[in-house]
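If you want the building blocks of each chain, they are given just below.
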Amino acid sequence: MAVDEGVAPAAKTDEGGTVHRLKPNAIGLLGVVFMAVATAAPITAMTGNVPFMVSAGNGIGAPASYLVAMVVLAIFSVGFTSMAKHITSTGAFYGFISYGLGRTIGLASGLLATFAYMVFEPALIGIFSTFATTTLGDQTGLDIPWWAFAILMLAVNAMGTWFGVSVAEKLLVILLATEVTILAAMAISVALHGGGPDGFSLDPVNPVNAFKGTSAGLGLFFAFWSWVGFESTAMYGEESRNPKKIIPKATMISVLGVGVFYVFVSWMAITGTGQSSAVKVATENPLGLFFGPTEQYVGHWAVDVMQWLMITGSLACGMAFHNCAARYMYALGREGVLPSLKNTLGRTHARHGSPHIAGLAQTVVTALLIGAFWAAGKDPYNALYVLLAILGTMAILVVQAVCSFAVLVYFRKNHPESRHWFRTFTAPLVGGIAMLAVVVLLVSNMGVAAGAESGSLVLKATPWIVALIAAGGIGYAQYLKKRSPERYLLIGRTVLEETKER
């Protein structure tokens, strides 16, 4: 159907019903890329994950872990993008898996993906609040409680979703550009000065070293963790221009672009610190792995700027996850699988074409989770960030693995003209197996990854929570199949006439 710029008309379901839709043509290729990369939060991934990988994971082989992860995720993305060329769905994994493995597995996966993005936002608010409290204390002497920053970020995220994806895109472009610039300045300065105390070495990027160190599994898990959210490109298909071309391109650009950046920046951080002392520095003063080379090769001013950009970077990441959660809730709501949600979560703003009610619902859920951790006296970083990030990561990795197998089945049954021995068979098969292996890495290293919260009930319950949500989705889908088959048929099938499965 014809769609005018700025208009958000109703869409049609496969069964002929009418649903609300998001604002079309609101975002282009670069916008989708920025939204996806923002969920990866480069400065948070680098300053938060790399020191831990070096000290407790695979040592100086941390950059090699990113290289291995990039290759695996690129292979996964080959199958993912092949499906994106045929199906445009705001629910992304939810829609893809529903078409590939059926409505029952689709609903279970949709609930898991929604849950993952819902808990990622409060996790990022935890690390944002920590960075903000520490930086203001160090640089201004102000002592502001962390919960005040949590409320601030909640409000910013809620407004960003309310006014539509184009507004969030503009803010994220600014925030992302600044954090990438300061990390690149450090890395390039180290390279231009001929390396650090020990000179240049290819050892940190040698793939063999990704599997060495204190705990290679932990290092590899954190590498994959650093990419969480890249697949969110697909959920902006309904709002993008020419989604059949934009979404596949944006996904591969996000995976490869972020991968090259991660490898280079982590390599130069270790090189600038000195390979012989990198593990010691990362253990005794984790942020020193980045602050040290930045101060030496760029200047003290850059360290001060980097501290502020760690705040804005986590803000950008949390905002992107808020948008993701709202769109998954909206995708599930507008289909009317639960009739009461169709005119609430499934509605869009009359002017902005945004999932405004779903966004508000996500804000409420996030506020309740933050309140629960605050009431329990938990630390915003060690508990709120770490525990919820592990929980969400496990859920989304399971969904990614299932999606790979959905690609295999989908192309075995559909579109013979698009079948290819690598794109629609080998790549999704290898990607799915690799994702399952990463889930195993996560389960086996959860205690170490959780650090001070290794004995937490939340951590111990994490695999069971993920399993319970999946089982609940399967059970409810089977209930609908028997008691309300007309609603069962709607699962994962809401598409737009100009972007539907073809």
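It should be emphasised that the depicted structure is a prediction, and the values quoted were computed from it without experimental measurement.

J.: Tell me about the confidence of the model for the protein, and name the residues and values.
T.: Of all residues in the protein, 88% have pLDDT values of 70 or greater, and the mean over the chain is 85. Across the protein, helix H17 (residues 457–483) holds the top mean pLDDT of 95, while strand E1 (residues 11–13) sits lowest at 44. Segment residues 1–18: pLDDT under 50, and 45 contacts once partners within four positions in sequence are set aside and those in other chains are kept. Low confidence marks residues 496–502, where pLDDT is under 50. Its contacts with residues over four positions away, or in another chain, come to 26 contacts.

J.: Got a sec to walk through helix H8 (residues 216–225)? Specific residues and values, please.
T.: Counting buried positions over the ten residues of H8 gives ten, a clear majority of the element. Inspection of H8 places Ala216, Gly217, Leu218, Gly219, Leu220, Phe221, Phe222, Ala223, Phe224 and Trp225 among the buried residues, and these make up the whole buried set.

J.: So what's going on with the packing of aromatic side chains? Which residues, and what values?
T.: Summed over the entire model, instances satisfying the criterion amount to 21 aromatic pairs. Aromatic side chains Tyr66 and Trp227 sit 6.0 Å apart centroid to centroid with 55 degrees between the ring planes, which places their arrangement in the tilted category. Note that Tyr66 is positioned in helix H3 (residues 62–84) and Trp227 in the loop between H8 and helix H9 (243–273), a separation of 161 residues in sequence. Judged by relative accessible area, which is 1%, Trp227 ranks as buried. Each ring, one from Tyr476 and one from Tyr479, has its centre 6.0 Å from the other, and the planes form 20 degrees; the classification is stacked.

J.: Describe a nonpolar patch on the surface, and please don't skip the residues or the numbers.
T.: Among the surface-exposed residues, Leu101, Ile105 and Ile474 lie close enough to one another that they form a single nonpolar patch of about 190 Å² accessible area. Positionally, Ile105 belongs in helix H5 (residues 103–140).

J.: Outline unusual backbone geometry, supporting the account with residue identities and numerical values.
T.: In this model, His415 sits at a positive phi of 50 degrees, which is unusual for a non-glycine residue. Note that His415 resides in the loop between helix H15 (380–413) and helix H16 (422–450). With a relative accessible area of 11%, His415 lands in the buried category.

J.: Help me get a handle on the nonpolar core, residues and values and all.
T.: Core analysis: the biggest nonpolar cluster contains 155 residues, and Trp227 and Phe290 have the highest contact counts within it. With 20 residues, the top contributor of residues to this core is H15. The residues contacting Phe290, other than those within four sequence positions of it, are Met46, Thr47, Val50, Pro51, Leu183, Met186, Val265, Ala269 and Met306.

J.: Can you explain the packing of helix H2 (residues 42–56) against H8? Please cite residues and give values.
T.: Following both chains from N to C, one finds H2 and H8 inclined at 170 degrees, their axes separated by 9 Å at the closest point. The angle between the axes of H2 and H8 places the two elements in the roughly antiparallel class. Judged by residue contacts, Asn49, Phe52, Met53 and Ala56 of H2 engage Leu218, Gly219, Phe222 and Ala223 from H8. In terms of residue class, the contact of H2 with H8 is made up of six nonpolar, two polar and no charged.

J.: Could you give an account of the side chain of Ser226, naming the residues involved and the relevant values?
T.: Structurally, the position occupied by Ser226 is in the loop between H8 and H9. Exposure remark for Ser226: the relative accessible area of 1% places this residue in the buried category. Of note is the side chain of Ser226, whose polar atom sits 2.9 Å from the backbone oxygen of Phe222. In contact with Ser226, not counting residues within four places along its chain, are Ala40, Ala45, Asn49, Tyr66 and Tyr262.

J.: Explain H15 to me, using residue names and the numbers behind them.
T.: Taking 1.5 Å per residue as the helical rise, H15 with its 34 residues ought to reach 50 Å, and the 48 Å between its terminal C-alpha atoms agrees with that figure. In terms of burial, H15 is largely enclosed, as 27 of its 34 residues are buried. For H15, the side-chain oxygen to backbone nitrogen distance between the N-cap and Tyr381 is 2.9 Å, and the N-cap itself is Asp379. Just downstream of H15 lies His415, where phi reads positive at about 50 degrees.

What counts and how
- Residues numbered from 1 in each chain as written.
- Predicted model: local features only at pLDDT ≥ 70, side-chain atom pairs only at ≥ 80, totals over all residues.
- Heavy atoms only, no water.
- pLDDT = per-residue confidence, 0-100.
- Helix = DSSP H or I, 4+ residues; strand = E, 2+ residues; numbered from the N terminus.
- Contact = heavy atoms within 4.5 Å.
- Buried < 20%, exposed > 50% of the residue type's maximum accessible area, 1.4 Å probe, protein only.
- Phe/Tyr/Trp six-rings, centres within 6.5 Å; stacked < 30°, edge-to-face > 60°.
- Patch = residues over 30% accessible without salt bridge, like charges linked within 9 Å, V, L, I, M, F, W, Y side chains within 5 Å.
- Areas by Shrake-Rupley, 256 points an atom, 1.4 Å probe, with all protein chains shown as cover.
- Salt bridge = Lys/Arg side-chain N within 4 Å of Asp/Glu carboxyl O.
- Core = buried A, V, L, I, M, F, W, Y, C linked by side-chain atoms within 4.5 Å.
- Axes fitted to C-alpha atoms, helices over the stretch in contact; angles between N-to-C directions.
- Parallel < 35°, antiparallel > 145°, perpendicular 65-115°, else oblique.
- Nonpolar A, V, L, I, M, F, W, Y, C, P; charged D, E, K, R; others polar.
- Polar contact = N/O pair within 3.5 Å; in protein donor to acceptor, adjacent residues only side chain to side chain.
- Expected span 1.5 Å × (residues − 1).

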